[in-house]
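Take a look at the letters that make up each chain.
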Amino acid sequence: MSTPEIPAMRAGKRAPPKLDLRAFQSPAPHANSNNGQTRRAYPLGLIDAHIHLWTSKQLEDGDMQWQRECGDGDDLKQLSGPHDLEAYARITKDAMPLFTEGKSQHTGVIYVQAEARRDDDDVDGSKGGWEAAINEAPVLHGAAALERYIPRVLECPSLVALTAKLGYAPIKSFRYLLQDSPTGFFRTDRFIEGFRYLGERGYAFDLTLDVTHEHTGRTKILDDAVEAIGRVHRDQAPEKQTRFIFDHFAKPPLTADLSHPPPPHYTAYLEGLYQLALLPHAYLKLSALLDSTDKATARAAFDEFTSGEYKKRRRDGAYERLKARILSVLEPAIEAFGDERILVGSDWPMFRATLLPSSVTSPSTEYCPAADASDEAAAWAFEMQLYLDCLVQLGLDGAAIDRIFQDNARKAYSLPPHPRPSSPEKASAVGS
């Protein structure tokens, strides 16, 4: 699907680009095609394009800034212990037979650094403000800071070893957490310069926004993104334009069933998506939507998944209600972005705070004896299956689903075309 260039100046709201309406003409998940072949309603491969990891040492040293919020209530206790790659690998190995009944293969991950302690006033790292957060890209300080910072990241011994193992440099994107930033924060000249610098060196940037935050201007943050990306691309050669990946669909408001007519904040959110769809090299990441809905609905839907009740597709069931909320943003996003600029990530382990009891503080049984391997696997499979069922309900199948679950991640993050057969690929989006 071709993407129109953004005009130099925005003149009011624009209508979204349209998908070929044939994409919406297959209502049944297992309808037969014209040649008598059964539609393939599952992806051949899956790249989990958004996971977080942290170790016991990072927690003990106090280097995980957001972790300071854990333990003061039940909201984040499920995340207060270590969550490492070994645990993720073990869980997903058990989870893949639950997702699409084992028909898909797990082929890789995009690791996104969890928010770490940092000093934003340390422009060049000389004050030691980068030491605990070497994975926190100082994009706000522009090209000069990134010129010093990126070599320091690439020289980390663990990254050097991983590069040798994979056969390519795994750092593909950078992130500076913007979901709590005030309106206009990342529209400064230095920020624009930093964004531009990343793209011209082949890196993408993960934009993590939250349109439900009052002090960020709610959906006005999407207007900031449209303006900022337009400025970045305007001074870049077409082949070096920075790729922007919008994590978690910019965290849309999904805590209640939509009424008719839809509330103003929902309409404003969709208008923001339509504007973003006009930008070249802008991607949406279908992830963390369980965190955008209310816990009661998500947990009830999870119970239906684990019991198998969700397969009955009862309209009054929690699983179908949760699907309807996700479809309220996914359907217009598919129409605007097509199936070539949307990718899927689990946001593991963040959904554990929504689906699992607060007594389960880590998936490691050594750290948390209460951890249940079957619950951990089911939670990951539940989110992946939920997204897939929504896409199939919209009429997507076969190659379109392959693009969303695997191929688009390769394109957005410039991954090699095929993984090594020996083990799943790993790549990183560095940042908080």
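Residues numbered from 1 in each chain as written. Predicted model: local features only at pLDDT ≥ 70, side-chain atom pairs only at ≥ 80, totals over all residues. Heavy atoms only, no water.

Peer 1: Could you clarify how one ought to interpret the packing of aromatic side chains in this entry?
Peer 2: Each aromatic ring pair is summarised here by two numbers: the centre-to-centre distance and the angle between the ring planes. As enumerated under the stated definition, the model contains 16 aromatic pairs in all. Where Phe 205 meets Phe 244, the ring centres are 6.4 Å apart and the plane angle is 65°; that geometry is what we call edge-to-face. In this pair, Phe 205 is assigned in strand S4 (residues 204-207) and Phe 244 in strand S5 (residues 243-246), connecting sequence segments 39 residues apart. Take Phe 205 and Phe 244: they sit in the same class, and that class is buried. Here the aromatic residues Tyr 176, Phe 185, Phe 191, Phe 195, Phe 205 and Phe 244 are joined through ring pairs into a cluster of three or more. Just above the ring of Tyr 42 sits the side chain of Arg 40; from NZ or CZ to the centre is 5.9 Å. (Phe/Tyr/Trp six-rings, centres within 6.5 Å; stacked < 30°, edge-to-face > 60°. Helix = DSSP H or I, 4+ residues; strand = E, 2+ residues; numbered from the N terminus. Buried < 20%, exposed > 50% of the residue type's maximum accessible area, 1.4 Å probe, protein only. Lys NZ or Arg CZ within 6 Å of the ring centre and 35° of its normal.)

Peer 1: It is not clear to me how the packing of helix H7 (residues 264-277) against helix H10 (residues 318-337) should be interpreted in this structure. Could you clarify?
Peer 2: Two quantities define a packed helix pair, namely the angle between the helix axes and the distance between the axes. At a closest axis distance of 9 Å, the pairing of H7 and H10 adopts a crossing angle of 25°. Taken together, the axis directions place H7 and H10 in an arrangement best described as roughly parallel. The way H7 lies across H10 gives a crossing that is right-handed. Only Ser 328, Val 329, Pro 332, Ala 333, Ala 336 and Phe 337 of H10 make contact with H7, whose side of the interface consists of Tyr 266, Tyr 269, Leu 270, Leu 273, Tyr 274, Leu 276 and Ala 277. Along the lines of polarity and charge, the residues of the contact of H7 with H10 split into 12 nonpolar, 1 polar and no charged. (Axes fitted to C-alpha atoms, helices over the stretch in contact; angles between N-to-C directions. Parallel < 35°, antiparallel > 145°, perpendicular 65-115°, else oblique. Left-handed = near helix turned anticlockwise from the far one by under 90°. Contact = heavy atoms within 4.5 Å. Nonpolar A, V, L, I, M, F, W, Y, C, P; charged D, E, K, R; others polar.)

Peer 1: What am I meant to see in the pairing of S5 here?
Peer 2: Consecutive residues of a regular strand have side chains that alternate between opposite faces of the sheet. Residues Arg 243 and Ile 245 point to one face of S5 and Phe 244 and Phe 246 to the other, with burial holding for every one of them. Where S4 lies against S5, 4 bridges are found, and the strand directions are parallel. In the strand pairing of S5, Leu 207 is matched with Phe 246. (Pairing = 2+ DSSP bridges.)

Peer 1: So what exactly am I meant to see when it comes to the side chain of Thr 293 here?
Peer 2: Position of Thr 293 among the secondary structure elements: in the loop between helix H8 (289-292) and helix H9 (295-307). The buried category is assigned to Thr 293, whose relative accessible area is 7%. At 3.2 Å, the side chain of Thr 293 and the side chain of Arg 325 are in polar contact. Once residues lying within four places of it in the same chain are set aside, the contact partners of Thr 293 are Leu 254, Thr 255, Ala 298, Leu 322 and Arg 325. (Polar contact = N/O pair within 3.5 Å; in protein donor to acceptor, adjacent residues only side chain to side chain.)

Peer 1: Sorry, what's going on with the confidence of the model for the chain here?
Peer 2: Any region with low pLDDT has predicted coordinates that should not be read closely. Confidence in the prediction of the chain, expressed as mean pLDDT, is 84, and 79% of residues score 70 or more. Note that pLDDT drops below 50 for residues 1-15; the model gives that stretch 35 contacts with residues more than four away or on any other chain. pLDDT under 50 marks residues 17-34. Its contacts with residues more than four places away, or in other chains, come to 30 contacts. (pLDDT = per-residue confidence, 0-100.)

Peer 1: Would you mind going over the nonpolar core with me for this structure?
Peer 2: In a soluble, globular protein the nonpolar side chains are often hidden away together inside. Counting residues in each nonpolar core, the largest one holds 102 residues, and the members touching the most others are Leu 209, Phe 246, Phe 249 and Trp 380. Take this core: its biggest share by element is 13 residues, from helix H12 (residues 373-393). Once residues lying within four places of it in the same chain are set aside, the contact partners of Phe 249 are Tyr 269, Leu 284, Lys 285, Leu 286, Leu 289, Val 329, Leu 330, Ala 333 and Ile 342. Core analysis: the next-biggest nonpolar cluster, separate from the first, contains 12 residues, Ala 49, Val 112, Ala 204 and Ala 412 among them. (Core = buried A, V, L, I, M, F, W, Y, C linked by side-chain atoms within 4.5 Å.)

Peer 1: I tried to follow unusual backbone geometry on my own but got confused; where do I start?
Peer 2: When glycine is set aside, most residues are seen to have a negative phi, and most peptide bonds are trans. The residue after Trp 348, namely Pro 349, is reached through a cis peptide bond having omega 5°. Position of Pro 349 among the secondary structure elements: in the loop between strand S7 (342-344) and helix H11 (352-355). Even without being glycine, Ala 250 reaches a positive phi, approximately 60°. Mapped onto the fold, Ala 250 is located in the loop between S5 and H7. The backbone phi angle of Asp 347 is positive, close to 60°, even though this residue is not glycine.

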